[in-house]
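# Understanding the architecture of this molecule
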Amino acid sequence: MSHITEDCLKIIINELQYDLSSLYSCILVNRHWCRIAIPILWKNPSSLKGFSPSKLHNMIIFLLPKSSKKFLSDNIPELSLTEISDNKPLFNYISFFTQISPDLISGVSKALIYDDNKEYNNNVGERYKKYILNQEIYKLFINNCKGLKLFYWDTSHPLFKYQGATTCFSQLCTLKINLIFVTIGNLFDMIQICQNIKHLEVTNCNKNIEGLVDFINIQRNLQSLCIDFLAKEKLHFSIFRPLNDIIMKKASTLKKFTVRPFIRLLSPKILTSLINLQHLEIISDADFTLILGGSTMEVWDEYLSIASFPNLQYLEIYFNTDLFFTKDYMLIEKSNGNILEINIRREKLHDPIYTKILIITISKCCPKIKKLTINIEPENFEDLKEIFLNCTQLEMMSLSLDSEEHNGDKLLEIILDYSPETLREYSFFKKENSIFTTKGLEKFFENWKKSKSPLIFNIINDYYSNEENFTDNNKIIKKYFDEGVIKEYNIYNIYNIYI
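Residues numbered from 1 in each chain as written. Predicted model: local features only at pLDDT ≥ 70, side-chain atom pairs only at ≥ 80, totals over all residues. Heavy atoms only, no water.

### Focus: the pattern of salt bridges
Inspection of every chain in the model, using the stated rule, returns 16 salt bridges. For the salt bridge of Glu201 with Arg260, the shortest nitrogen-to-oxygen distance reads 3.1 Å. Placement of the pair is Glu201 in strand β4 (residues 199-205) and Arg260 in strand β7 (residues 256-260), with a sequence separation of 59 residues. You can call Glu201 partly exposed: its relative accessible area is 22%. The exposure class of Arg260 is partly exposed, given its relative accessible area of 23%. Measuring nitrogen to oxygen at the nearest pair gives 3.4 Å for the salt bridge that ties Lys449 to Glu483. Here Lys449, found in helix α18 (residues 438-451), pairs with Glu483, found in the loop between α19 (467-482) and β16 (486-493); they are 34 residues apart in sequence, far enough to count as distant. Take Lys449: its relative accessible area is 38%, and that puts it in the partly exposed class. (Salt bridge = Lys/Arg side-chain N within 4 Å of Asp/Glu carboxyl O. Helix = DSSP H or I, 4+ residues; strand = E, 2+ residues; numbered from the N terminus. Buried < 20%, exposed > 50% of the residue type's maximum accessible area, 1.4 Å probe, protein only.)

This is how it looks when you write it as structure tokens:
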């Protein structure tokens, strides 16, 4: 090992970047190995499990320049910078960071200004202290980080005017922007530096989208886009027309597209332009009355029927409203059999006819599917046989039972008799009452252990009307967990009471 060249050693150790215990071992071999392993270990400071937060905070403060320490001491008397250890770090760890999260910044601020016995007061003075402390920490990071890859931007600080910003952000490829804090001016500054963003997530998108449209337009190879709308008052569809236009302009490079929760602020025409899409998420769980104008669900369904995503691998559609798609299954029909995961959920819906069409479509068009989450009705239990017989690579299934009928035992029988050998993880969600009888569960597990490998088994209930049945079912599941029939399980209700 002593004769391995440095370049080869870097390649080898880099393969251990997600194996922290092995990385720590490499650091202890000798100085040469330590010098190579440390930058890899410190790429993401949030992954340093077991590392004392106070030590991390002290290290960050120690690396602050003298001008920042003096400025902070003059403005925050209770900030005792003199108590920070004088032991100089062996490395400038910050220079190795490839990502900065707001949790790291706020964690340092809170740890330095507020102790466990003192509550945070959100008055002007306290907010000013937090602002200037965050400012100096951001300046430290930006001046030292030589090539961030991922950044969560949710501050009003003029980051791109700080010294070192060009070097720090020039290699940025993943960016999350919170538009509550980021101004048009901030976005304009960012445009001058960041033009190669591949993955962009925009949260709290509201009326003011001018700078956002310009920023999206300047990106050369945008591959992933997530738009999270914010509506505290009524919004008119027409305000977002420029955003629609720019998404369609960039659509040919997009492989992943997510929109939530006000989908009617976008035009369904976007669907027909996303020709290379591999990952699609449409999530709507908000009040449609806040949206003025825009396309109806019937128009969305019309575009769903003509859209085609031949490379689609992941599809998630979720509605928690009385309005929903009725033809989303047509996207599956035109996926060329490439879909690996489907997650289609609808609240407030009991529609066995739609569910049957969806199940049959999946069974015919998704031979490679590995994970499936759908609503299921008792009338459709028999239809699941088609999925089990045709989707032979299925590994995980999550079923949401909205009916008040108690036919869960029949579902267990079908799973036992028809599920493929690869399918070893099940989750069941029901809003009311227990899903299975005690007798049905025991029969299922007794038969499973005869010829099947251990499984993962989860039950999620909103509400238990039969406490005795719930307790008995829990005892049975624990029994078969102890026997090795179940290798992992969760049973809990809406109140997150885990058993």
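### Examining the nonpolar core
Judged by nonpolar contacts, the single largest core of 153 residues is most densely connected at Phe169, Leu243, Phe257, Ile362, Phe445 and Phe457. Both of domain 1 (4-41) and domain 2 (339-498) provide at least three residues apiece to this core. Setting aside residues up to four positions removed in sequence, Ile362 forms contacts with Ile332, Ile342, Ile369, Leu372, Ile374, Ile387 and Cys391. (Core = buried A, V, L, I, M, F, W, Y, C linked by side-chain atoms within 4.5 Å. Domains from an automatic or database assignment. Contact = heavy atoms within 4.5 Å.)

### Side note on the side chain of Thr373
Within the secondary structure, Thr373 is located in strand β12 (residues 371-376). Among all residues touching Thr373, those that are not within four sequence positions of it are Ile342, Asn343, Ile344, Arg345, Met396 and Ser398.

### Some words on the pairing of β4
The sheet contact formed by strand β3 (residues 174-178) and β4 spans five bridges and is parallel. Its bridge partner being in β4, Leu175 is matched across the sheet by Leu200. Running through helix α9 (residues 184-191), the crossover from β3 to the neighbouring parallel element β4 is right-handed. For the handedness criterion, the β-α-β arrangement of β4, helix α10 (residues 210-218) and strand β5 (residues 224-229) is classed as right-handed. (Pairing = 2+ DSSP bridges. Right-handed = clockwise from strand over helix to strand, strands pointing away.)

### Regarding the confidence of the model for the chain
In this model, the chain carries a mean pLDDT of 83, and residues with pLDDT of at least 70 account for 86%. Element-level pLDDT for the chain is lowest in helix α6 (residues 102-113), with a mean of 72, against a maximum mean of 96 in helix α16 (residues 384-390). This model gives residues 494-499 a pLDDT under 50, and the stretch forms 12 contacts once residues within four places in sequence are excluded. (pLDDT = per-residue confidence, 0-100.)

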